[in-house]
Amino acid sequence: AQKITQTQPGMFVQEKEAVTLDCTYDTSDQSYGLFWYKQPSSGEMIFLIYQGSYDEQNATEGRYSLNFQKARKSANLVISASQLGDSAMYFCAMTSYAGGTSYGKLTFGQGTILTVHP
Amino acid sequence: DSGVTQTPKHLITATGQRVTLRCSPRSGDLSVYWYQQSLDQGLQFLIQYYNGEERAKGNILERFSAQQFPDLHSELNLSSLELGDSALYFCASSVAIGGQYNEQFFGPGTRLTVL
């Protein structure tokens, strides 16, 4: 079974500063993928970044980077130069690829509400 | 805009009723996933279809059913509705059935309110 844990119910950051949102995961599979999604107050789920378990380098997408520490089973999201529009709920999610049944269903954490102050 | 469309955006109905939620995946995507987001359960996977066939099931109630049609759009049918079924229902799509780099893109969701 897969499990995602986000221990920060809420985080606050000053505009233009960097912030790290924590995510730890648990799986017995060797092949898996880690995702971060942003959910603004409007409700839609916006894909931000992906990290595969075999990727040797941390994933980056613009101001988003994923700090992947495989041995610690953590996949923290780092947002650089925070903007007011970054205020939203952030979800960490994972999918495992267990042998031939490599189906893509996502398991989500409980989310972290990020508030960016001007 | 993710390219995934869902209708309707909002749905208000009464207990015991039946509703159908519709999803059109991104062009070229063969996999469709349904998720439910509620305050008490969080985001939960319901079911996955790939190219018209059911491929994976999560905690989907027996009162719920889904299908994917030849044009790849999908419908989620919810029947004998209860108050606890009130939630935001998301559809997501991806190119492949699974595997690495198979990012899922979500639709805007259908907010279901059962009164």
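Residues numbered from 1 in each chain as written. Chains lettered and ligands numbered in written order. Predicted model: local features only at pLDDT ≥ 70, side-chain atom pairs only at ≥ 80, totals over all residues. Heavy atoms only, no water.

Draft legend 1. Region of the structure containing the pattern of salt bridges. All names here are of chain B. Scanning the model with the defined rule gives seven salt bridges over all chains in all. Note that Asp-29 is salt-bridged to Arg-26, the shortest N-O span being 2.8 Å. Given a relative accessible area of 23%, Arg-26 falls into the partly exposed group. In the salt-bridge network here, residues are joined through shared partners; they are Arg-63, Glu-82 and Asp-85. (Salt bridge = Lys/Arg side-chain N within 4 Å of Asp/Glu carboxyl O. Buried < 20%, exposed > 50% of the residue type's maximum accessible area, 1.4 Å probe, protein only.)

Draft legend 2. Highlighting the state of the cysteines. Applying the stated rule across the entire model yields two disulfides over all chains. Linked covalently through their sulfurs, A:Cys23 and A:Cys92 form a disulfide whose S-S length is 2.0 Å. On the sign convention where negative means left-handed, the S-S torsion of about -60° between A:Cys23 and A:Cys92 marks this disulfide as left-handed. One end of the pair, A:Cys23, is in the loop between strand 3 (19-21) and strand 4 (24-26); the other, A:Cys92, is in strand 10 (residues 88-96), and 69 residues separate them in sequence. An identical accessibility class is assigned to A:Cys23 and A:Cys92; each is buried. Linked covalently through their sulfurs, B:Cys23 and B:Cys91 form a disulfide whose S-S length is 1.8 Å. A torsion of -50° about the S-S bond marks the disulfide between B:Cys23 and B:Cys91 as left-handed. Here the residue B:Cys23 occupies a position in strand 3 (residues 19-24), and B:Cys91 occupies one in strand 9 (residues 87-94), the gap between them amounting to 68 residues. By the burial criterion, B:Cys23 is buried, and B:Cys91 matches it. (Disulfide = S-S within 2.5 Å. Helix = DSSP H or I, 4+ residues; strand = E, 2+ residues; numbered from the N terminus.)

Draft legend 3. Main features of the sheet that holds strand 7 (residues 64-68) of chain B. Residue and element names in this part refer to chain B. Spatially, the four strands line up as an open sheet ordered 1-3-8-7, and their pairing is antiparallel. Looking at the sheet topology across the chains shown, the edges are occupied by strand 1 (5-7) and strand 7. Within the sheet, the average angular offset between the axes of one strand and its neighbour, ignoring direction, is 15°. The sheet contact formed by strand 3 and strand 8 (residues 74-78) spans five bridges and is antiparallel. Residue pairing across strands places Leu-21 opposite Leu-76, the latter belonging to strand 8. (Pairing = 2+ DSSP bridges. Axes fitted to C-alpha atoms, helices over the stretch in contact; angles between N-to-C directions.)

Draft legend 4. Quick peek at the packing of aromatic side chains. All names here are of chain A. Under the counting rule described, the total for this entry stands at 17 aromatic pairs over all chains. Consider the rings of Phe-91 and Phe-108, whose centres lie 6.1 Å apart with planes at 90°: the pair is edge-to-face. Note that Phe-91 is positioned in strand 10 and Phe-108 in strand 11 (residues 107-108), a separation of 17 residues in sequence. Of the two residues, Phe-91 and Phe-108, both sit in the buried class. (Phe/Tyr/Trp six-rings, centres within 6.5 Å; stacked < 30°, edge-to-face > 60°.)

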